[in-house]
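# Observations on chain architecture
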Amino acid sequence: MVIIFAAILIAMRLAAELWLNALNRREVLRHALAAPPPVAAIMDATTYEKAVAYTLSKNRFARWMLVFDAGLLALVVFSGALPWLFSRVDAWAPGHAWSGAVFILIAGALLGLPGLPFEWWEQFRLEEKFGFNKSTLRLWLTDKLKGLALAGVIGFPLLWALFALVRAVGGTWWLWGWVLMFAFQMLMLVLYPKLILPLFNKLTPLPEDELRARLLALADRTKFHAQTIQVIDGSKRSGHSNAFFTGFGRFRRIVLFDTLIAQLTPEELEAVLAHEIGHYRLGHIPRMLAVSAALQLGGFAALAWLAHSTWFAPAFGFPPGVLAPVFLLFGLLGGLVTFWFSPIGNSFSRRHEYQADAFARDALGAPAPMVGALRKLAQKNLSNLTPHPLFSGFYYSHPTLVEREQALIKG
Ligand SMILES: [Zn+2]
């Protein structure tokens, strides 16, 4: 029964994703020959043609990936491979917290292997074809190895602590597990830009010149007391550009991609910075953290319910009453349920984007710099400006450019 239910969930998600993918493809093809007027104002004909080709290439790639991922998930979950691996690893220290953690890490590493050729193809064929790939095979492989090492160094103690906690506190373990995981995430928010990001990228303070003075003046004006603005060498791997914000409270910092600085005028960079400050000043970050904490509490409650059940783990071939396999299954199958709720999360995120855009417009006194920045980003990143409304409604964490422009001008 449980197996059939899981199979239906996998098939349902795959069907929905393929349907959305096809819908979006048709919508892009429908506009491929002539851009709709609001889009023609954003991209010239050559760029638009390239953006359509890029979108269609990514769409085709995504279709293969969806089928592959669903097939791999079904194979892994239903083949009995995981219970076999668990019996091997558990034999090293039966029922111990550390062997449970090792099992999850080994399974996770093995599950990442079959997708590697696809990831390589995406970076060195697809992105390369459109001029976005700046990485080398050597850098790409080093990144993968570093990622694996980090998963071991950070993931092992965390999982070990979690499983050890379960034995120590008894029935309320899920509450304490949730506290531990959330505390860990808060710690990572602070440590990530300091310890982990520098393993992959070089972060340098924005040099003391006119641009820096201008951006710091803007930060002052918008009551964001920035200690530093940092530049990240995103151009090392990709031509795509972005800006982001990490940390919270005293640890907050703003990071700009070097590609972004190369592409935008100082005034447009001010607008992008004002948008990021908007997220901070409007309280979006604590709100998202609170929502995520609440969802994770629900996740831990569900995990405890499944772990204490006599039917869940045995249905997939595991012995009952052992926690590590339930954690792994929960991680593998949880997305089959949360997938259907992602439009809700994305719609909240889009509302925040509109608010941050409005904040940036008011901080700069006009919509033009923000519109200019967004247009350039869309041109340089070859963004799809004609997604199907159902596709963007489901997947997009940011409104489309046409929607953002309309809101900025109307507002
Ligand atoms: Zn934003």
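I will try to describe carefully the structure that is included in this document. (Residues numbered from 1 in each chain as written. Predicted model: local features only at pLDDT ≥ 70, side-chain atom pairs only at ≥ 80, totals over all residues. Heavy atoms only, no water.)

What follows deals with the packing of aromatic side chains. In this structure the tally under the stated criterion is 21 aromatic pairs. Considering the side-chain rings of Phe 103 and Phe 318, the 6.3 Å spacing of their centres and the 70° angle between planes classify their relative orientation as edge-to-face. Here Phe 103 is found in helix H5 (residues 97-112), whereas its partner Phe 318 is found in the loop between helix H13 (312-315) and helix H14 (323-338), with 215 residues between them in sequence. This pair shows no difference in class: Phe 103 is buried, exactly as Phe 318 is. Arranged with centres 5.0 Å apart and planes meeting at 80°, the rings of Phe 339 and Trp 340 form a pair that is edge-to-face. Under the relative-accessibility criterion, Trp 340 is labelled partly exposed at 34%. Three or more aromatic residues link up through ring pairs in this structure, and these residues are Phe 339, Trp 340, Phe 391, Phe 394, Tyr 395 and Tyr 396. (Phe/Tyr/Trp six-rings, centres within 6.5 Å; stacked < 30°, edge-to-face > 60°. Helix = DSSP H or I, 4+ residues; strand = E, 2+ residues; numbered from the N terminus. Buried < 20%, exposed > 50% of the residue type's maximum accessible area, 1.4 Å probe, protein only.)

Right, let's get into the pattern of salt bridges. Across all of its chains, the model carries 8 salt bridges by this definition. Residues Lys 144 and Glu 119 are paired through a salt bridge, measuring 2.5 Å at the closest nitrogen-oxygen approach. Here Glu 119 lies in helix H6 (residues 116-129) and Lys 144 lies in helix H7 (residues 137-169), a separation of 25 residues in the sequence. For Lys 144, a relative accessible area of 33% gives the class partly exposed. (Salt bridge = Lys/Arg side-chain N within 4 Å of Asp/Glu carboxyl O.)

Positionally, Val 179 belongs in helix H8 (residues 173-200). Accessibility expressed as a relative area gives 39% for Val 179, which makes it partly exposed. Taking the C-alpha atoms as reference points, Val 179 and Gln 296, separated by 117 residues in sequence, lie 9.8 Å from one another.

Let us now look at empty space enclosed by the protein. Under the definition given, this model contains 2 cavities of 30 Å³ or more. Considered as a void within the structure, the largest cavity measures approximately 50 Å³ in volume. Around the largest cavity, the lining residues are Val 28, Met 43, Tyr 48, Ala 51, Val 52, Thr 55, Ser 383, Asn 384, Leu 385 and Thr 386. Among the elements that make up the lining of the largest cavity, the one with the highest residue count is helix H3 (residues 45-78) (4 residues). Broken down by class, the residue content of the lining of the largest cavity amounts to 6 nonpolar, 4 polar and no charged. For the second largest cavity, the calculated volume is near 30 Å³. Val 190, Pro 193, Lys 194, Phe 251 and Arg 253 are the residues that line the second largest cavity. (1 Å grid on protein atoms, 1.4 Å probe; cavity = no way out; pocket = protein on both sides within 12 Å on 5 of 7 lines; lining within 4 Å. Points joined across faces, edges and corners; volume = space filled by probe spheres on them. Nonpolar A, V, L, I, M, F, W, Y, C, P; charged D, E, K, R; others polar.)

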